[in-house]
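Listed below, chain by chain, are the residues.
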Amino acid sequence: MKPRGRAVREQAIEDHLGTGRVSLPRPTVEHPLRQVGKRLLLALLVLLTTVVIVVIDREGYKDGVDGDVSVLDALYYATVTLSTTGYGDIVPASDSARLVNVLVVTPLRVLFLIILVGTTLEVLAERTREEWRQKRWRLALRDHTVVVGFGTKGRSALETLMATGLKKQQVVVVDPSNKVIEMVNAEGLTGVVGDGTRSDVLLRAEAQRARQIIVATQRDDTAVLVTLTARQLNRGVKIIAAVREEENAPLLRQSGADAVITSASAAGRLLGLSVLSPSAGTVLEDLIHQGTGLDLVERPVTKAEAGRSVRDTDDLVVSVLRGHRLIGYDDPEASPLQLTDRVITIKRSPGPNGAGNALKPHRNGTAPGFPAE
């Protein structure tokens, strides 16, 4: 095991070297050793083909030493010819040999050179292709989601969003670890290696054009700095931040976060609820696990629902969002519904375990499985 100080220094050097680097997901390619092996075999095939051609027509060649061209002389001639060295001690003398050199040996020489310098050409082509891919990616990226920190919280938040239809092309992950970004790329996501508290790193993630930013860092002070930087770059973006300690939540809101989730307190409350009622804890966990069982869904009020009571809707409404106010379903001000309202409802997930239908309230105003007041 490495000493802690040494490990920290190595990680710092690694992070500094990769800071701000945009890493797009790569297509699956062959193993490098296999690619090199194929190139060597192809080069050897070209060499042997040239040797065979010279041996077949060796009567048309002249050796400046003894006049005769043996198999070894043919191999020697093919080697120096394909490598463009061409010492001139063995030359094609007949018309047929010269014609074969023009039509066959010269193209083989070009092919041999392409194989030899293929690695360099591939590096240049890959660099150009990567720059073109990043340019095209930046031009197409609009209203996307930036996830700063890809630990358990960041991954879970992204899984929930993707369960509701968010596409991988609309996600950019920012994390200081190269290994994490490599894992992100393997999953088909775009990543930026760097510190999310730095504006240049968030600019590379196109945070200035993002629709929403999820701050899921490991430290609360880092979350505050990320939120401040993101809000400075994009005044209209929705910022959702997670903190460990509840006392830091007001600081996150003052820094510009639209919503703050206290991870430690939320987990503790779920544990306490599960102790009091394991079934209630299971239902609540199901609600926050998007895509299976029951889902919490926010949607606008339809024209048919406008002017009606909360209990007269087809869905099980638990809250009404009117402007910036969140009104409970049992609040007299929640009814009648207004066309500009948004309602938070409980619906069955359209996934394999859900029928995709809304929970229908009974005539007494309660949904199946929910007690009447």
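The chain is annotated in an unreviewed UniProt entry as Voltage-gated potassium channel Kch from Streptomyces fradiae ATCC 10745 = DSM 40063. Taken verbatim from the UniProt record of the chain, the Subcellular location (unreviewed entry) comment is "Cell membrane".

Undergrad: Teacher, can you tell me more about the overall build of the chain here?
TA: Summing up its helical and strand segments, the chain has twelve helices and 13 strands in all. Looking at the chain residue by residue over its 373 residues, the buried ones come to 35%. For the chain, the accessible area works out to roughly 22,300 Å², and carbon and sulfur atoms hold 59% of it.

Undergrad: Can you walk me through the UniProt feature "transmembrane region" (unreviewed entry) in the chain in this structure?
TA: According to UniProt, the "transmembrane region" (unreviewed entry) feature falls on residues 40–56 and 102–125. Structurally, residues 40–56 comprises 100% helix and 0% strand, and the distance from its first C-alpha atom to its last is 24 Å.

Undergrad: Looking at this structure, I do not really get the layout of surface pockets. What am I missing?
TA: To locate leftover empty space, one rolls a probe as large as a water molecule over the atoms. Of the voids in this model, the largest pocket is the one considered here, and its volume is about 2,400 Å³. Taken together, 42 residues make up the lining of the largest pocket; nearest its centre are Ala157, Thr160, Ile240, Ile261 and Ile288. Counting residues per element, the ones that place at least two in the lining of the largest pocket are α6 (152–163), β7 (212–215), β8 (238–243), β9 (259–262), α11 (263–276), α12 (278–288), β10 (294–300) and β13 (342–348). Tallying contributions element by element places α6 first for the lining of the largest pocket, with seven residues.

Undergrad: Explain the confidence of the model for the chain to me, please; I cannot follow it from the model alone.
TA: For any part of a model where pLDDT is low, the fine detail of the predicted coordinates should not be relied upon. Scored by pLDDT, the chain has a mean of 78; 79% of the residues are at 70 or more. Every residue in residues 12–17 is under pLDDT 50, and counting partners more than four places away or in other chains gives three contacts. Scored below 50 in pLDDT, residues 353–373 makes 41 contacts in the model with residues more than four places away or belonging to other chains.

Undergrad: Help me understand the side chain of Arg322, please; the structure alone is not making it clear to me.
TA: Topologically, Arg322 is positioned in strand β11 (residues 316–322). A distance of 2.7 Å separates a polar side-chain atom of Arg322 from the backbone oxygen of Glu333. Here the side chain of Arg322 touches Pro336 through a polar contact of 3.4 Å, landing on its backbone oxygen. Setting aside anything within four residues of it in sequence, one finds Arg322 in contact with Ile327, Glu333, Ala334, Pro336, Leu337, Gln338 and Asp341.

Undergrad: What exactly am I supposed to notice about the nonpolar core here?
TA: For soluble globular proteins, the rule of thumb is that nonpolar side chains tend to be buried together. Ranked by internal contacts, the top residues of the largest apolar core, which has 27 residues, are Ile213 and Leu252. Secondary-structure elements contributing two or more residues to this core are β4 (145–148), β5 (171–175), α8 (199–204), β7, α9 (220–233), β8 and α10 (249–255). Apart from the residues within four sequence positions on either side, Ile213 is in contact with Val146, Val148, Ala207, Ala230, Val237, Lys238, Ile239 and Ile240. Counting residues in hydrophobic clusters, the runner-up holds 17 residues, among them Val51, Ala78, Ile90 and Ala97.

Undergrad: Looking at this model, I keep getting lost on the sheet that holds strand β12 (residues 325–328). Mind explaining?
TA: Strand-to-strand pairing in sheets goes through backbone hydrogen bonds, with the strands running parallel or antiparallel. Strand order in this open sheet of four strands is β10-β13-β11-β12, and the pairing throughout is antiparallel. Since the sheet does not close on itself, it has two edges, and those belong to β10 and β12, each with one partner. Averaged over neighbouring strand pairs, the angle between their axes works out to 30° when direction is ignored. Relative to β12, β11 is paired through four bridges, and the arrangement is antiparallel. Each bridged residue has a counterpart across the sheet, and for Arg322 the counterpart in β12 is Arg325.

Undergrad: Whenever I open this one, helix α3 (residues 71–82) confuses me. Can you help?
TA: Residues spaced three or four apart along an α-helix point in a common direction, a consequence of the helix completing one turn every 3.6 residues. Taking 1.5 Å as the rise per residue, α3 with twelve residues should run 16 Å; its terminal C-alpha atoms sit 16 Å apart, in good agreement. All of the buried residues in α3 are Asp73, Ala74, Tyr77, Ala78, Val80, Thr81 and Leu82.

Undergrad: Before we go on, may I ask you to explain the environment of Leu158 in this structure?
TA: Along the polypeptide, Leu158 turns up in helix α6. The spatial distance from the C-alpha of Leu158 to the C-alpha of Val146 is 9.6 Å, given a sequence separation of twelve residues. Excluding residues that lie within four positions of it along the chain, Leu158 makes contacts with Val147, Phe150, Leu166, Val171 and Leu189.

Undergrad: I tried to follow the pairing of strand β6 (residues 190–193) on my own but got confused; where do I start?
TA: Residues in a regular strand point their side chains to alternate faces of the sheet. Along β6, one buried face is formed by Thr190 and Val192 and the opposite face, lined by Gly191 and Val193, is buried too. With four bridges connecting them, β5 and β6 associate as parallel partners. Looking at the pairing, Val172 lines up with Thr190 of β6. Handedness of the crossover is the feature at issue here: the chain leaves β5, passes through helix α7 (residues 178–186), returns alongside β6, and the resulting connection is right-handed.

Undergrad: Quick question: what am I supposed to make of α6 here?
TA: Taking 1.5 Å per residue, twelve residues should reach 16 Å; α6 reaches 16 Å between its end C-alpha atoms and fits that length. Immediately beyond the C-terminal end of α6, within one or two residues, lies Gly165, with a positive phi of roughly 115°.

Undergrad: Which parts of the structure should I look at to understand a nonpolar patch on the surface?
TA: Among the surface-exposed residues, Leu99, Val102, Leu103 and Val104 lie close enough to one another that they form a single nonpolar patch of about 370 Å² accessible area. For Val102, the position within the fold is in helix α4 (residues 95–116).

Basis of the calculations
Residues numbered from 1 in each chain as written. Predicted model: local features only at pLDDT ≥ 70, side-chain atom pairs only at ≥ 80, totals over all residues. Heavy atoms only, no water. UniProt positions renumbered as here; feature names shortened; annotations may be inferred. Helix = DSSP H or I, 4+ residues; strand = E, 2+ residues; numbered from the N terminus. Buried < 20%, exposed > 50% of the residue type's maximum accessible area, 1.4 Å probe, protein only. Areas by Shrake-Rupley, 256 points an atom, 1.4 Å probe, with all protein chains shown as cover. 1 Å grid on protein atoms, 1.4 Å probe; cavity = no way out; pocket = protein on both sides within 12 Å on 5 of 7 lines; lining within 4 Å. Points joined across faces, edges and corners; volume = space filled by probe spheres on them. pLDDT = per-residue confidence, 0-100. Contact = heavy atoms within 4.5 Å. Polar contact = N/O pair within 3.5 Å; in protein donor to acceptor, adjacent residues only side chain to side chain. Core = buried A, V, L, I, M, F, W, Y, C linked by side-chain atoms within 4.5 Å. Pairing = 2+ DSSP bridges. Axes fitted to C-alpha atoms, helices over the stretch in contact; angles between N-to-C directions. Expected span 1.5 Å × (residues − 1). Right-handed = clockwise from strand over helix to strand, strands pointing away. Patch = residues over 30% accessible without salt bridge, like charges linked within 9 Å, V, L, I, M, F, W, Y side chains within 5 Å. Salt bridge = Lys/Arg side-chain N within 4 Å of Asp/Glu carboxyl O.

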